[in-house]
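One-letter residues, chain by chain:
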Amino acid sequence: MTSDTPAGRRLRVFNRRRSAPSRARRRLGAAVRMIAALALAGGIYTAFAPGASAEDSRQLSSAAQEGKALFDNSCISCHGRNAEGVEGRGPSLIGVGSASVQFQVGTGRMPMTRQESQAEQKPPQFDETQTKQLGQYIQELGGGPQIPSGKLTEDLDQNPDALARGGQLFRINCTSCHQYAGAGGALSSGKYAPSLHDATAEEIYAAMLTGPQNMPVFGDNEITPNEKREIITYVTQQIQQDKAPGGLFNLGGYGPVTEGLAIFLVGITVLVFTALWIAGKS
C-alpha cells in the first residue's frame with residue numbers, strides 16, 4: 001500500500017497512467033483476434049464452398065459465347081438473365097440441356113409469339129448453327145441431356161430386325177398419343193400430340209430425351225439409346241414413307257380401324273341396295 005504522502009500520491013498517479021495503455025492494448029488485441037477469427041471463418045467457407053467463385057470464373061467455349069449473345073438478345077426477357085426463368089413468362093432452363101434447346105428452337109416452337117396452352121411448330125427464327133450455339137450455352141450453363149453424336153438410325157443391312165423392333169416399341173410407347181400412323185391427335189386442355197410425318201431424327205431423339213409439352217421423358221433407363229434409334233428408324237423409314245399401317249387408302253392416317261369401318265359401312269349399304277333391287281325385280 002502507498003501512504004498518503006506527496007510521494008505516495010505521485011506513485012498512485014504514475015500507476016494509473018501506466019494502466020491506461022494496458023487497457024488500450026487489451027482492446028487492440030481483442031480487435032485483432034476478432035478480425036483473425038472472421039478471416040479464418042471466411043477462408044474455411046471459401047475452401048468448402050468454392051461454387052460461387054468457380055461460377056464467376058467459369059470460362060465459356062467460343063460456341064457458348066456466341067450462344068450467350070443470342071440468348072441475351074432474344075431469350076432473356078422470358079427466361080431471365082441467367083436462364084433462371086421469369087415467373088409468368090418462361091421456365092428455368094437450368095438442367096434442360098442442349099437437347100431441349102435443339103428441339104424447341106430448331107422446330108420454331110421457341111421463341112413463342114404468345115402464351116398458349118402449347119407452343120406451335122413454325123418456321124425457326126435461328127439457323128442450325130445458331131441453334132447449336134444456343135444449345136451449347138445452355139448446356140455449359142446448367143448441364144442436362146444431349147443428343148448423341150453420330151447416326152441416329154439403325155443400318156437395316158447390318159441390323160435387319162431393327163425395323164420390326166422399332167415398330168413394336170413405337171406401338172407400345174407412342175401410339176396412344178401419336179396414333180398408329182404417326183398422324184398425331186388431340187390431348188386434354190387444348191394440347192395435342194404433333195404429327196411425326198415431317199419430324200427429323202434429331203427432333204424425335206430430342207423429344208424422347210426431354211419430354212416437351214405433355215410428352216413424358218423417356219430416359220435411357222426406360223428406352224435405351226439403341227431402342228431409341230430403332231424407333232426413329234421405324235418412324236423415318238416406315239411411317240414417313242407412306243408404309244404406315246393405315247390400310248390401302250390410309251383414310252385419316254389413323255390406322256386400319258378407319259378403313260375397316262368405311263369398308264363395313266359402304267359394303268353393308270351396297271348389299272342392302274342390291275338386295276332391295278333384286279327383290280324389286282323378282
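Residues numbered from 1 in each chain as written. Predicted model: local features only at pLDDT ≥ 70, side-chain atom pairs only at ≥ 80, totals over all residues. Heavy atoms only, no water.

Chemist: What should I look at first to understand the layout of surface pockets in this one?
Modeler: Summary: where empty space remains is shown by rolling a probe the size of a single water molecule over the atoms. By volume, the largest pocket is sized at about 650 Å³. For the lining of the largest pocket, the secondary-structure elements that each account for two or more residues are helix H3 (62-74), helix H4 (76-79), helix H5 (97-106) and helix H6 (128-142). Considering every element that reaches the lining of the largest pocket, the biggest residue donor is H5, with 4 residues. Counted by class, the lining of the largest pocket contains 16 nonpolar, 13 polar and 3 charged residues. By volume, the second largest pocket is sized at about 530 Å³. Taken together, 32 residues form the lining of the second largest pocket, with His178, Pro194, Leu196, Ala207 and Met215 sitting closest to its centre. For the lining of the second largest pocket, the secondary-structure elements that each account for two or more residues are helix H7 (162-173), helix H8 (175-178), strand E2 (192-193), helix H9 (201-210) and helix H10 (225-239). Sort the elements by how many residues they give to the lining of the second largest pocket and H9 lands first, with 4 residues. Residue composition of the lining of the second largest pocket, grouped by class: 19 nonpolar, 10 polar and 3 charged. (1 Å grid on protein atoms, 1.4 Å probe; cavity = no way out; pocket = protein on both sides within 12 Å on 5 of 7 lines; lining within 4 Å. Points joined across faces, edges and corners; volume = space filled by probe spheres on them. Helix = DSSP H or I, 4+ residues; strand = E, 2+ residues; numbered from the N terminus. Nonpolar A, V, L, I, M, F, W, Y, C, P; charged D, E, K, R; others polar.)

Chemist: Explanation requested: H10 in the structure shown.
Modeler: It helps to recall that an α-helix has 3.6 residues per turn; residues three or four apart then point in one direction. Taking 1.5 Å of rise per residue, 15 residues should cover 21 Å, and H10 covers 20 Å from first to last C-alpha, within 8% of that figure. When you tally the buried positions in H10, you get 11 out of 15 residues, the bulk of the element. Taken residue by residue, H10 has Lys228, Arg229, Glu230, Ile231, Ile232, Thr233, Tyr234, Val235, Thr236, Gln238 and Ile239 as its buried positions. Those residues of H10 that are buried are in contact with H7 and H9. (Expected span 1.5 Å × (residues − 1). Buried < 20%, exposed > 50% of the residue type's maximum accessible area, 1.4 Å probe, protein only. Contact = heavy atoms within 4.5 Å.)

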